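Read off the chains here:
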Amino acid sequence: MKADFRLKFICTDVFEIDKKKFGAFVAKLRKEKGFTHKELAGRLFISDKAASKWGIS
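### Considering the overall build of the protein
A count of helical and extended segments in the protein gives 4 helices and 0 strands. In the protein, the succession of helices and strands from N to C terminus is α-α-α-α. In the protein, which comprises 57 residues, the share counted as buried stands at 14%. Here the protein displays about 5,300 Å² of accessible surface, and carbon together with sulfur accounts for 63% of that area.

Structural data, given as structure tokens:
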């Protein structure tokens, strides 16, 4: 039981990110690499609409 709690705590802690900062970071990398919005979405295996929702434009 103790290990289950610890695993749950670690997993929830790891996945908390600032969505705006992450989107800005990915957008910066996209521009540095010269990828179009659509190319990046394809490389991430997501639609370009999903990428735009994340603020990766």
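Resuming the write-up.
### Some points on helix α2 (residues 19-33)
Since the α-helix turns once every 3.6 residues, residues separated by three or four places project in the same direction. Relative to the 21 Å expected for 15 residues at 1.5 Å per residue, α2 spans 21 Å between its end C-alpha atoms, a close match to the ideal helical length. The set of residues buried in α2 consists of G23, V26, A27 and R30. When α2 is viewed along its axis, its buried side chains cluster within an angular range of 105° and face the same direction. In α2, the exposed positions that point more than 90 degrees away from the buried face belong to K21, K28 and E32. Looking one or two residues beyond α2, the residue adopting positive phi is G34, at roughly 80°.

### Concerning the pattern of salt bridges
With the rule as written, the count across this model stands at 1 salt bridge. With its nearest N and O atoms 3.6 Å apart, the salt bridge here joins K28 to E32. Here K28 pairs with E32, and both are found in helix α2, just 4 residues apart, close to one helical turn. Residue classification places E32 among the exposed positions, given a relative accessible area of 52%.

Calculation criteria
Residues numbered from 1 in each chain as written. Predicted model: local features only at pLDDT ≥ 70, side-chain atom pairs only at ≥ 80, totals over all residues. Heavy atoms only, no water. Helix = DSSP H or I, 4+ residues; strand = E, 2+ residues; numbered from the N terminus. Buried < 20%, exposed > 50% of the residue type's maximum accessible area, 1.4 Å probe, protein only. Areas by Shrake-Rupley, 256 points an atom, 1.4 Å probe, with all protein chains shown as cover. Expected span 1.5 Å × (residues − 1). Arc of directions from axis to C-beta. Salt bridge = Lys/Arg side-chain N within 4 Å of Asp/Glu carboxyl O.

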